[in-house]
Amino acid sequence: MDMRDKVFLGSAALLAFGAIAGGYLLGDGLRRAKAADRSVTVRGLAEKDVTADLATWSISYSATGFDLPTVRSEIDANTRELRAYFTQLGFKPDDLTPVGAGVNQWLNNGVNTITITQRMLLRTTDIARAQKAVAQQFDLVRRGVTLQEGSGMRYSFTKLNDIKPQMVAAATRDARAAAEQFAKDSGANVGGIKSATQGYFSIDARDGESSEGGSDTPYKKVRVVTTVDFYLR
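Criteria and cut-off values
- Residues numbered from 1 in each chain as written.
- Predicted model: local features only at pLDDT ≥ 70, side-chain atom pairs only at ≥ 80, totals over all residues.
- Heavy atoms only, no water.
- Helix = DSSP H or I, 4+ residues; strand = E, 2+ residues; numbered from the N terminus.
- Buried < 20%, exposed > 50% of the residue type's maximum accessible area, 1.4 Å probe, protein only.
- Contact = heavy atoms within 4.5 Å.
- Core = buried A, V, L, I, M, F, W, Y, C linked by side-chain atoms within 4.5 Å.
- Pairing = 2+ DSSP bridges.
- Axes fitted to C-alpha atoms, helices over the stretch in contact; angles between N-to-C directions.
- Polar contact = N/O pair within 3.5 Å; in protein donor to acceptor, adjacent residues only side chain to side chain.
- Salt bridge = Lys/Arg side-chain N within 4 Å of Asp/Glu carboxyl O.
- Expected span 1.5 Å × (residues − 1).
- Arc of directions from axis to C-beta.

Glancing now at the overall build of the chain. Counting its secondary structure elements, the chain contains five helices and eight strands. Mapped in sequence order, the helices and strands of the chain form the string α-β-β-α-β-β-α-α-β-α-β-β-β. A burial count over the chain gives 31% of its 233 residues as buried. Within the chain, contacts between residues separated by at least 24 positions form 76% of all contacts whose residues are at least 6 apart in sequence.

As structure tokens, then:
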């Protein structure tokens, strides 16, 4: 065998070894990539009971008559009684503000008829006092003030940003617990987070509660759902 044959055989052997080694490394890499790509997607829920920190009561009342001065005088009297009612309950004068008024005039069997509607807004952070005002609102009827349909107290929770971080963390923990149960059932272990999506926060009445008279309730439940994709190893 001359030198050229020896060189050729050596080169062929090196190529064969390189192909074998490359195939092994490629196969091992694919296996590792496939293992690294294993994941499970789960949802986590977090709930928190909160109490509203803002109460707003949109109050509408009206008076009807046959001449403007008389109707306006009745509306003014109703407004004084309304303010007296809230002052008696301990509200500050600035808690009750006018937000609009309307005048409607028409002929009723040939008689000129006028209705004035006044709208007031109560806004307070004293939730207990607001509840008391709603509970005793029949006193307004005794004072001659009849509230129109749609007048109702609404309670709001305005401090959502203060509790968002811990709620998202709680929802993520709940999601990991679900992933760990799945991994246990499938003989795997849970790794880090591959991706995560935060759902919308919702604020609803706690356990479907509602106050009498169709008003809102200050007792709320905040919910958030997160969707998390965990690596499995």
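Now that the structure has been shown, the text picks up again.
Attention now moves to the nonpolar core. The biggest cluster of nonpolar side chains holds 26 residues, and the ones touching the most others in it are Trp 57, Ile 59, Leu 82, Phe 86, Met 153 and Tyr 155. Counting only elements with at least two residues in this core, the list comes to β2 (54–65), α2 (68–88), β4 (111–124), α3 (127–135) and β5 (152–156). In contact with Phe 86, not counting residues within four places along its chain, are Trp 57, Ile 59, Phe 91, Leu 96, Leu 122 and Ala 133.

With that settled, consider the sheet that holds strand β3 (residues 96–108). In space, the four strands of this open sheet follow the order β3-β4-β2-β5, with antiparallel pairing throughout. One side of each edge strand has no neighbouring strand; the edge strands of this open sheet are β3 and β5. When the angles between neighbouring strand axes are averaged without regard to direction, this sheet yields 15°. As paired elements, β3 and β4 share 12 bridges and run antiparallel to each other.

For the rest of this paragraph, the subject is the side chain of Lys 220. Checked against the element boundaries, Lys 220 lands in strand β8 (residues 219–232). Looking at Lys 220, its side chain comes within polar contact range of the main-chain oxygen of Tyr 155, at 3.3 Å. Of the polar contacts made by the side chain of Lys 220, one reaches the side chain of Asp 216; its length is 2.8 Å. Those residues in contact with Lys 220, other than ones at most four positions away along the chain, are Lys 48, Asp 49, Val 50, Tyr 155, Ile 203, Asp 204 and Arg 206.

Of note, Ser 202 is situated in strand β7 (residues 202–205). Through-space distance from the C-alpha of Ser 202 to that of Val 224 is 6.6 Å; in sequence the pair is 22 residues apart. For Ser 202, the contacting residues outside a window of four places in its chain are Lys 221, Val 222 and Arg 223.

Let's shift gears to the pattern of salt bridges. Under the definition given, this model contains eight salt bridges. In this structure, the salt-bridge partner of Asp 49 is Arg 206, at a minimum N-O distance of 3.8 Å. You can see Asp 49 sitting in strand β1 (residues 39–51) and its partner Arg 206 sitting in the loop between β7 and β8, a full 157 residues away along the chain. Among the residues examined, Asp 49 registers a relative accessible area of 42% and is labelled partly exposed. The closest approach of N and O atoms between Lys 220 and Asp 216, which form a salt bridge, is 2.8 Å. Neither Lys 220 nor Asp 216 differs from the other in exposure class; each is buried. Connected via shared salt-bridge partners are Glu 47, Asp 204 and Arg 223.

Look at α2: 30 Å from first C-alpha to last across 21 residues, which is about the 30 Å you get at 1.5 Å a residue. Every buried residue of α2 is accounted for by Val 71, Ile 75, Asn 78, Thr 79, Leu 82, Tyr 85 and Phe 86. Along the long axis of α2, the arc covered by the buried residues comes to 120°, so they all point the same way. For α2, exposure combined with an orientation more than 90 degrees from the buried face picks out Arg 80, Thr 87 and Gln 88. Just past α2, the residue Gly 90 takes up positive phi, approximately 100°.

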